[in-house]
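Observations on chain architecture
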Amino acid sequence: MSLADSKFPSSAAFDAINQSLNASEADRKDAIKQGNAVFAFVLKNKAGETAEWHIDLKNKGAVGKGLGEKPTVTLSLSDADFGSLVAGKANAQRLFMGGKLKIKGDVMKATKLDPILKKAQTKAKL
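This section reports on the structure supplied with the text. Fair warning: this is a prediction, and the values are worked out from it, not measured in the lab. All residue numbers here refer to positions counted from 1 along the written sequence of the relevant chain. A pLDDT threshold of at least 70 governs which residues receive local features in this predicted model, and a stricter bar of 80 or more applies before side-chain atom pairs are shown or counted, although totals over entire chains, interfaces and linings include all residues. Heavy atoms throughout the structure, all of them, feed into the side-chain values; hydrogens and water do not.

**Some thoughts on the layout of surface pockets**
Counted as a void, the largest pocket has a volume near 440 Å³. Put simply, Ala, Val, Leu, Ile, Met, Phe, Trp, Tyr, Cys and Pro go in the nonpolar bin, Asp, Glu, Lys and Arg in the charged bin, and everything else, Gly too, in the polar bin. Of the residues belonging to the lining of the largest pocket, the class tally is 13 nonpolar, five polar and two charged. In this structure, the second largest pocket spans a volume of roughly 190 Å³. Points on a 1 Å grid over protein atoms alone make up a cavity when a 1.4 Å probe fits among them but cannot get out, and a pocket when they form an open set with protein on both sides within 12 Å along at least five of seven lines; lining residues each have an atom within 4 Å of a point. As for the second largest pocket, its lining consists of eleven residues, of which Pro-9, Ser-10, Lys-46, Asp-79 and Ala-80 are closest to the centre. Starting at the N terminus, helices and strands are each numbered in turn, a helix being any DSSP run of H or I of at least four residues and a strand any DSSP run of E of at least two. The element best represented in the lining of the second largest pocket is helix H3 (residues 79-87), accounting for three residues. When grouped by side-chain class, the residues that make up the lining of the second largest pocket number three nonpolar, four polar and four charged. Grid points are joined across faces, edges and corners, and a volume is the space filled by probe spheres set on the points.

What follows is the structure in structure tokens.
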């Protein structure tokens, strides 16, 4: 089941993140140990529509649609900025300081997401 949504081109990254989490049991357990949180994403496309995904690195080590169960941190940004972030072309800190990335919840947990996104960079074709 694909997590990608054609209205949100960068959402293909969620498939890549899911693949990297499921590549091996050791990788998944390592990601859960590093993340220890549920990361929710709210993306907004150019048409002004929003969609939600989550990366559960607290219980399952899986990616899904929707906000997930009790997100530890919610990141809201544009589809284009998320694509740049996953591709390594944008810096989360700069997006946050520039007001393009909004974070609700545990801001420090958001910093734990970087190694997970880096794993997806090698797999995502954005």
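**Focus on the sheet that holds strand S1 (residues 38-44)**
When DSSP finds at least two bridges between two strands, those strands are taken to pair. Taken together, the five strands give an open sheet; going across it, the order is S3-S2-S1-S4-S5, and neighbouring strands pair in mixed fashion. Whereas interior strands pair on both sides, the edge strands pair on one side only; in this sheet they are strand S3 (62-65) and strand S5 (102-105). Averaged over neighbouring strand pairs, the angle between their axes works out to 20° when direction is ignored. Here S1 runs beside strand S4 (residues 73-78); their pairing, made up of six bridges, is parallel. The residue of S4 that forms the bridge with Leu-43 is Leu-77. The sheet strands contacting H3 are S1 and S4, and the helix crosses S4 at an angle near 110°. Note on geometry: axes are C-alpha line fits, over the in-contact stretch for helices, and angles between N-to-C directions span 0 to 180 degrees. By definition, residues are in contact when any of their heavy atoms lie within 4.5 Å.

**So, the packing of helix H1 (residues 12-22) against helix H6 (residues 114-121)**
Helices that pack against each other are described as a pair by the angle of their axes relative to one another and the distance between those axes. Remark: H1 packs on H6, axes separated minimally by 8 Å, with the N-to-C direction vectors making an angle of 100°. Between H1 and H6, the angle falls in the class roughly perpendicular. Contacts from Ala-16, Ile-17 and Ser-20 in H1 reach Ile-116, Leu-117, Lys-119 and Ala-120 in H6. The scheme is simple: roughly parallel for angles under 35 degrees, roughly antiparallel for over 145, roughly perpendicular for 65 to 115, oblique for anything else.

**Considering H3**
Partly exposed residues are those whose accessible area sits between 20% and 50% of the maximum for their type, while under 20% is buried and over 50% is exposed, using a 1.4 Å probe and protein chains only. Inspection of H3 places Asp-79, Asp-81, Phe-82, Gly-83, Leu-85 and Val-86 among the buried residues, and these make up the whole buried set. The inward-facing, buried residues of H3 abut H1, S1, S4, helix H4 (92-97) and H6. Backbone geometry just downstream of H3 places Gly-88 in the positive-phi region, at approximately 85°.

**As for helix H2 (residues 25-35)**
An α-helical segment advances 3.6 residues per turn. Residues three or four places apart therefore align on the same side. Buried within H2 we find Arg-28, Ala-31, Ile-32 and Gly-35. Taken around the axis of H2, the buried residues stretch over an arc of 100°, which confines them to a single face. Opposite its buried face, H2 presents the exposed residues Ala-26, Lys-29 and Lys-33, each directed more than 90 degrees away. By arc we mean the arc of the directions from the helix axis to the C-beta atoms, nothing more.

**What to know about the nonpolar core**
Ranked by size, the top nonpolar core spans 31 residues in total, and within it Phe-14, Ile-17 and Ile-55 carry the most contacts. Put simply, the parts of the chain that give this core at least two residues each are H1, S1, strand S2 (50-56), S4, H3 and H6. Looking at this core element by element, the count peaks at five residues for H1. With residues up to four places along the chain from it excluded, the contact list for Phe-14 reads Leu-3, Phe-41, Leu-43, Trp-53, Val-63 and Phe-82. As used in this record, nonpolar core signifies buried Ala, Val, Leu, Ile, Met, Phe, Trp, Tyr and Cys residues forming a set joined through side-chain atoms within 4.5 Å.

What is shown is where atoms sit, not what they do.
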